[in-house]
Every structure is written in C-alpha cells, then in structure tokens.
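Tertiary structure, described
So the chains spell out like this:
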Amino acid sequence: MNCVELLATKKGKGLIAFSDPAGAKACLALHWILTNIHGMDAIQLISNKSYSFYADWNTEVTIVNDAVDVNLSDLDWLFTGTSHPDSSHVFEVNLLKKAQEYPIFTASFIDHWTNLSKRFSLSNAFVFPDVIFVIDPQLIQLATEAGIPNEKLVVSENPYFHFIRLYWKSQMSNEQFRKLYSIPESVTTILTYAPDPISLRHQLSDFGFNEFTVLDELLQLLNQHSEVFLIVKTHPLQPVEQLNTLIGEATSQRLVLETANRVDNLELMFHSTAIIGFLSNFLWEASALRKPVYRYALTENDAYYDQFKSIATRFSSLEELKNCLSL
C-alpha cells in the first residue's frame, strides 16, 4: 500500500503538513491526486514555510508559524512530510506530538535516504506516527537500525514522482523557454546544474567536492564547447554569494544563475538536454521525466551510489562528463 492508496480510504477531515521543499512537493502532489483523481475535498494544507512553487498547484497553503497554533481537534487524520530538524524547526514533529492528544490517525513520508530517525526527533526523544512511508525496500532495514519501529514502516513511491510520470504536462514551448533564458540558436546542449548546498553542513574534505568546485569545472566546459549553455538552479537553502562571484568571474556568457524561479522546476528539466546534481530529489524528478541525469561523485567516497545508480550516471571529472554528453 502506498500513500495515495492509504489516504484514499480515509473518511472525514484531513490535514497535510510539511516544511522542507522535498517534503512539500510530495505532499502537494499527494493532495492533488487525492482531490483531482479520488474526489476528496475535506483536506487542508499547512506549512511553516512559503515557497514560490505553491503557485504551480492552484491550491491554498496556509502558513503558520508554530504547530501549537494549529487546531487538530476536528480532524480525522494527519499526514506530514519529514524534514531535517535544523531547517524545519521540528514543525512536523511538533504536529505529530500534538496529534497524540486526539484520536487522529497519523502518517508521514520520508522522501530521502538520509537522517531517517532524526526527522522524528524532539527534545532527545522520538515522536513516531502510526505509519511511516519510505521510498525503497532497503530503507526498511536502515530505518529499523536507526531506531524506527519496524511495524510502522511501509514502502511507497514518492507521490510527486507518481504525479510527474502520470499527470504532468509541459505548458511551455521550446521557443518560449529559449527566449526566456536568452539561449543562442547555436546552442545544442542545455545543461541544468542543480547542486545540493553541501557547504552548509559539510567540510570540503567530507565529500572531496562541493557545489562551488563542481561549478568551477562546469565553467571550464563552457569555455571548451561553444554549443553548451549552463543553467545553475539553486537549492532553496543555498547561499548565493559565492555562486554569484564564480559566475561573475566567468568568461563565457552562455550561463545563467536561476534564483528567481522564472519557470517551475519541471519545465526547466523538461527543456534541458541533461540534468547534473549530487544527492537531491531534483535528480529523481528529472528521471521521472525520463531526462538524462548525471551525478557528480568521487568513486572512492560515494556512500550514495546504490541509491542513485538506477536513475543517474555517475561522473567524477570533466572528461567523464564530456564523454557522457558526447562532446
């Protein structure tokens, strides 16, 4: 049973809550499928953060500062995304804790492979819902080893990927896309680089690279191949000062730093030749669109190879990437 199948059986009022971007998209897609495909209408969406991509879903997301302000007394079920506690301010976990005061069914979705039990940590304790969905069978064992009760774990496809595969359609022509980013007619390869903000929580030595070192290599690629255009799509948590500095120093004009969200991510992926990244759900989204995905990682220090090997080609040097792209 996946997220959609479970919640489609629920009656009464529901609340879907989220904080970090990946969990937000999974929850928004779940809401869309439940309302547009299954006809459920008594579902509210809330978050403690506001993102520009909410506008893509044609639905209302209520922004609340603190879970303590949310009234759960008239609800029948609660579904949450999950987030790193440092970035979410334990918003979802506090809602789960509050839900324990009422006879409410609770479920949560883990959208990634990392920080499995930390997503449910609150004041040196854990707060677990009735059901926890994970994205891969291998995560059942890993989550259990991390302290999550095995009986609560269920495997489910990410609702956002499900939405992308079955329901999403592009609303932009190729000509419109090229005009928006001022892409020259001579360009035949459009690369979107969507790195994780590794430098926020890791030293350079942890992975042997970060978002800045890889950008420096991609800028070299632009200098070598006039047919390539580069779009740098920043993560919502990414500080942009150093990226701006690197791009400002670049000799090529065939690049753009995308921080303004001029188009939604799916349009950006759809009109790109290939996607480059590290560890984020952006790569999975691109794969759901059947786009070529290339993942930068050093082979001797790649703890996430098994998780991404089915959807991305790994490269660890500029020469390897050029071979992948037939440049």
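Just above sits the structure.
First things first, this report covers the structure right here in the doc. This one's a predicted model, so the numbers in the text were calculated from it and none came from an experiment. (Residues numbered from 1 in each chain as written. Predicted model: local features only at pLDDT ≥ 70, side-chain atom pairs only at ≥ 80, totals over all residues. Heavy atoms only, no water.)

**Overview of the overall build of the protein chain**
When helices and strands are counted, the protein chain shows 14 helices and 15 strands. Radius of gyration (C-alpha) of the protein chain: 20 Å, near the 20 Å computed for a compact globule of 327 residues. The 327 residues of the protein chain split such that 56% are buried. Counting contacts in the protein chain only where the partners sit at least 6 residues apart, residues at least 24 apart contribute 68% of the total. Split by element, the accessible area of the protein chain, about 14700 Å² in all, is 47% carbon and sulfur. Separation of charge centres in the protein chain, based on 24 positive and 37 negative side chains, amounts to 4 Å. (Helix = DSSP H or I, 4+ residues; strand = E, 2+ residues; numbered from the N terminus. Rg over C-alpha atoms; globule rule 2.2 N^0.38 Å. Buried < 20%, exposed > 50% of the residue type's maximum accessible area, 1.4 Å probe, protein only. Contact = heavy atoms within 4.5 Å. Areas by Shrake-Rupley, 256 points an atom, 1.4 Å probe, with all protein chains shown as cover. Lys, Arg positive; Asp, Glu negative; His and termini not counted. Charge placed at Lys NZ, Arg CZ, Asp CG, Glu CD.)

**Some remarks on helix α12 (residues 281-288)**
Among the eight residues of α12, seven are classified as buried, and the element is accordingly described as predominantly covered. Among all positions of α12, only N281, F282, L283, W284, E285, A286 and A288 are buried. Just downstream of α12, R290 is the residue with a positive phi angle, here 65°.

**Digging into the sheet that holds strand β3 (residues 62-63)**
Taken together, seven strands build an open sheet; the order of strands is β3-β2-β1-β4-β5-β8-β9 and the sheet is parallel. Edge positions in the open sheet fall to β3 and β9 (153-155), since each of these has one partner strand only. For strand β2 (residues 43-47) and β3, the ladder comprises two bridges, and the chain directions are parallel. The residue of β3 that forms the bridge with S47 is I63. (Pairing = 2+ DSSP bridges.)

**Some thoughts on the sheet that holds strand β13 (residues 274-277)**
In space, the six strands of this open sheet follow the order β12-β11-β10-β13-β14-β15, with parallel pairing throughout. Two strands lie at the open edges of the sheet, namely β12 (255-258) and β15 (313-315), each paired on one side alone. Pairs of neighbouring strands in the sheet enclose a mean axial angle of 25°, with direction left out of account. Lying on the sheet, α12 is in contact with β10 (189-193), β11 (228-233), β13 and β14 (293-296); it crosses β13 at an angle near 160°. (Axes fitted to C-alpha atoms, helices over the stretch in contact; angles between N-to-C directions.)

**Thoughts on empty space enclosed by the protein**
Unoccupied space between atoms shows up once a probe the size of one water molecule is rolled over them. Overall, the coordinates contain two cavities of 30 Å³ or more when judged by the stated rule. Its boundaries defined by the atoms lining it, the largest cavity holds a volume of some 60 Å³. Looking at the largest cavity, the residues that line it are I198, F207, F209, F278, L279, R295, Y296, A297, N301, D302, A303 and Y304. Among the residues making up the lining of the largest cavity, the classes are represented as nine nonpolar, one polar and two charged. By volume, the second largest cavity is sized at about 50 Å³. Lining the second largest cavity, in full, are N2, C3, V4, S156, E157, P159 and H162. At the level of elements, α1 (3-7) and α6 (159-166) are the ones that each hand at least two residues to the lining of the second largest cavity. (1 Å grid on protein atoms, 1.4 Å probe; cavity = no way out; pocket = protein on both sides within 12 Å on 5 of 7 lines; lining within 4 Å. Points joined across faces, edges and corners; volume = space filled by probe spheres on them. Nonpolar A, V, L, I, M, F, W, Y, C, P; charged D, E, K, R; others polar.)

**A word on the side chain of T234**
Position of T234 relative to the elements: it lies in the loop between β11 and α10 (241-249). Looking at T234, its side chain comes within polar contact range of the main-chain oxygen of E258, at 3.3 Å. Other than its neighbours up to four places away in sequence, T234 contacts V240, L243, L257, E258 and T259. (Polar contact = N/O pair within 3.5 Å; in protein donor to acceptor, adjacent residues only side chain to side chain.)

**A short note on the packing of aromatic side chains**
Going through the model one piece at a time under the given rule, you end up with 20 aromatic pairs. Relative to Y160, the ring of W57 has its centre 6.0 Å away and its plane inclined at 55°; by these criteria the two rings are tilted. You can see W57 sitting in the loop between β2 and β3 and its partner Y160 sitting in helix α6, a full 103 residues away along the chain. A connected cluster of aromatic rings, assembled from ring pairs, spans Y193, F207, F209, F278, Y296 and F315. (Phe/Tyr/Trp six-rings, centres within 6.5 Å; stacked < 30°, edge-to-face > 60°.)

**Focus on the nonpolar core**
Ranked by internal contacts, the top residues of the largest apolar core, which has 81 residues, are I16, F18, F79, Y193, L215 and L230. Residues L15, L75, L95 and L122 belong to the second largest nonpolar core, which totals 30 residues. (Core = buried A, V, L, I, M, F, W, Y, C linked by side-chain atoms within 4.5 Å.)

**Notes on the pairing of strand β1 (residues 14-18)**
Of all five residues in β1, five are buried; the element is thus mostly enclosed. Covered by surrounding structure in β1 are G14, I16 and F18 together with L15 and A17, the residues of both alternating faces. In the sheet, β1 pairs with β2 via five bridges, with the strands oriented parallel. Residue pairing across strands places I16 opposite L45, the latter belonging to β2. Regarding topology, helix α2 (residues 21-36) serves as the crossover connection from β1 to the parallel β2, and that connection is right-handed. Note: β1 against strand β4 (residues 77-80), four bridges, orientation parallel. Within β4, the residue paired with L15 across the bridge is L78. (Right-handed = clockwise from strand over helix to strand, strands pointing away.)

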